[in-house]
Amino acid sequence: MDAMEELKELRLKGKIGKPNDGFFDLLNKEEELHDDLKNYVSAGKVFMQLHHPLMIDIPYDKQKNALINASYQQKLHDLKMWERQGAWSRYIGVYERPYRLEEFIKIDNRLIDGEYWDIAGWLWEDTENQWQYLSEWQDVLSSKRNQKECFMNQDEQKFLKALPDEVEIYRGCFEGINDEGLSWTLDKSIAEMFSQHRHFKREDDWESIILSQTVSKEDIFAVKLGRKESEVILKM
């Protein structure tokens, strides 16, 4: 069970991440938004939004303030608990997805080598927009720490070892936008999906392209199989 699955299980059991008061009681309770969160409310393209490292709520409605405040307080409690226990994967998992890499970088000096690479591995799989944080990921993956193999699980390590000495890889992307990313695939159809899907093509004028190249296995940093994308990550 990976870190995110553990967090989900704990939340389902009501052990973390849930306020003590009843959901409907909080929803019907009028309350000012917590001071920590007030400056993180802004107007989005369509809705008002709350975008804080520990709380994202879109659309944001002040009627939910009591519920949001209770959840925020619970997350602060969870952070202290996981920090005290040195459970760093769970600690990072308390943060909202767009902020997890930033928090990982902040605490990297508190991690042992294998733990560093294990957490980096699930953070990589936890996001689909690594290209937006390219320089940060370059720093993370170029670390001189030992036990880099911990970035992959055992099945991924075996898969990489079994690859031929040279492989053809593909990247579906948008010209001038994210064509310099680190993530490639062994499956051309996956690359085509990434270049065409509306979830990834955020603007109509982005030009879809498929890049390809033949690389040596020695140039591959890792493979990731968890999302069934035959993903290949190249060395820096």
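These remarks concern the structure in this document. Here the structure is a predicted model, which is why all the values come from computation and not from measurement.

## With respect to the overall build of the protein chain
Counting secondary structure elements, the protein chain contains 10 helices and 8 strands. Across the 236 residues of the protein chain, 43% fall into the buried class. Only carbon and sulfur atoms are counted for the fraction: they give 46% of the accessible area of the protein chain, which is about 13700 Å².

## Side note on the packing of helix α7 (residues 113-125) against helix α8 (residues 134-141)
Taken N-terminus to C-terminus, the directions of α7 and α8 make an angle of 150°; their axes are 11 Å apart at the nearest point. When the axes of α7 and α8 are compared, the pair comes out roughly antiparallel. Relative to α8, α7 is oriented so that their crossing is left-handed. Listed contacts from α8 to Tyr 116, Trp 117, Ala 120, Leu 123 and Trp 124 of α7 are Trp 137, Asp 139, Val 140 and Leu 141. When the residues that make up the contact of α7 with α8 are grouped by side-chain class, the tally is 8 nonpolar, no polar and 1 charged.

## Quick look at helix α6 (residues 100-107)
Three or more residues of α6 are buried, namely Arg 100, Leu 101, Glu 103, Phe 104 and Ile 107. The arc that holds every buried residue of α6, seen down its axis, measures 160°, which confines them to one face.

## Looking at the side chain of His 34
Here His 34 shows up in the loop between α2 (23-27) and α3 (35-38). Within the structure, the side chain of His 34 is placed 3.0 Å from the backbone nitrogen of Asp 36, a separation counted as a polar contact. Not counting the four nearest positions on each side in its chain, His 34 is found in contact with Asn 69, Tyr 72 and Gln 73.

## Details of a nonpolar patch on the surface
On the surface, Val 46, Phe 47 and Ile 58 cluster together into a nonpolar patch covering about 320 Å² of accessible area. For Ile 58, a relative accessible area of 46% translates into the label partly exposed.

## Some words on the packing of aromatic side chains
For the structure on display, the rule yields 10 aromatic pairs. Ring geometry for Trp 88 versus Tyr 91: centroids 5.3 Å apart, planes at 75°, classification edge-to-face. Of this pair, Trp 88 and Tyr 91 both sit in helix α5 (residues 88-93), separated by 3 residues, roughly a single helical turn. Exposure remark for Tyr 91: the relative accessible area of 10% places this residue in the buried category.

## Observations concerning the sheet that holds strand β2 (residues 48-52)
Each strand in a sheet pairs with another by means of backbone hydrogen bonds, the pair being arranged parallel or else antiparallel. Read across the open sheet, the 3 strands follow the order β1-β2-β3; overall the sheet is antiparallel. Because the sheet does not close on itself, it has two edges, and the strands there are β1 (41-43) and β3 (55-57). Across the sheet, the mean angle from the axis of one strand to that of its neighbour is 30°, orientation sign disregarded. Bridging between β2 and β3 involves 3 bridges; their strand directions are antiparallel.

## With respect to unusual backbone geometry
A negative phi angle is the norm for most residues apart from glycine, just as the trans form is the norm for most peptide bonds. In the segment running from Ile 58 into Pro 59, the intervening peptide bond is cis, with an omega of 0°. Its place among the elements puts Pro 59 in the loop between β3 and α4 (65-85). At Lys 228, a residue that is not glycine, the phi angle is positive and equals roughly 55°. Examined against the element boundaries, Lys 228 turns out to sit in the loop between β7 (220-224) and β8 (231-234). Unlike most non-glycine residues, Ser 230 shows phi in positive territory, near 45°. By the element assignment, Ser 230 lies in the loop between β7 and β8. According to the relative accessible area criterion, Ser 230 is partly exposed, its value standing at 24%.

The rules behind the values
Residues numbered from 1 in each chain as written. Predicted model: local features only at pLDDT ≥ 70, side-chain atom pairs only at ≥ 80, totals over all residues. Heavy atoms only, no water. Helix = DSSP H or I, 4+ residues; strand = E, 2+ residues; numbered from the N terminus. Buried < 20%, exposed > 50% of the residue type's maximum accessible area, 1.4 Å probe, protein only. Areas by Shrake-Rupley, 256 points an atom, 1.4 Å probe, with all protein chains shown as cover. Axes fitted to C-alpha atoms, helices over the stretch in contact; angles between N-to-C directions. Parallel < 35°, antiparallel > 145°, perpendicular 65-115°, else oblique. Left-handed = near helix turned anticlockwise from the far one by under 90°. Contact = heavy atoms within 4.5 Å. Nonpolar A, V, L, I, M, F, W, Y, C, P; charged D, E, K, R; others polar. Arc of directions from axis to C-beta. Polar contact = N/O pair within 3.5 Å; in protein donor to acceptor, adjacent residues only side chain to side chain. Patch = residues over 30% accessible without salt bridge, like charges linked within 9 Å, V, L, I, M, F, W, Y side chains within 5 Å. Salt bridge = Lys/Arg side-chain N within 4 Å of Asp/Glu carboxyl O. Phe/Tyr/Trp six-rings, centres within 6.5 Å; stacked < 30°, edge-to-face > 60°. Pairing = 2+ DSSP bridges.

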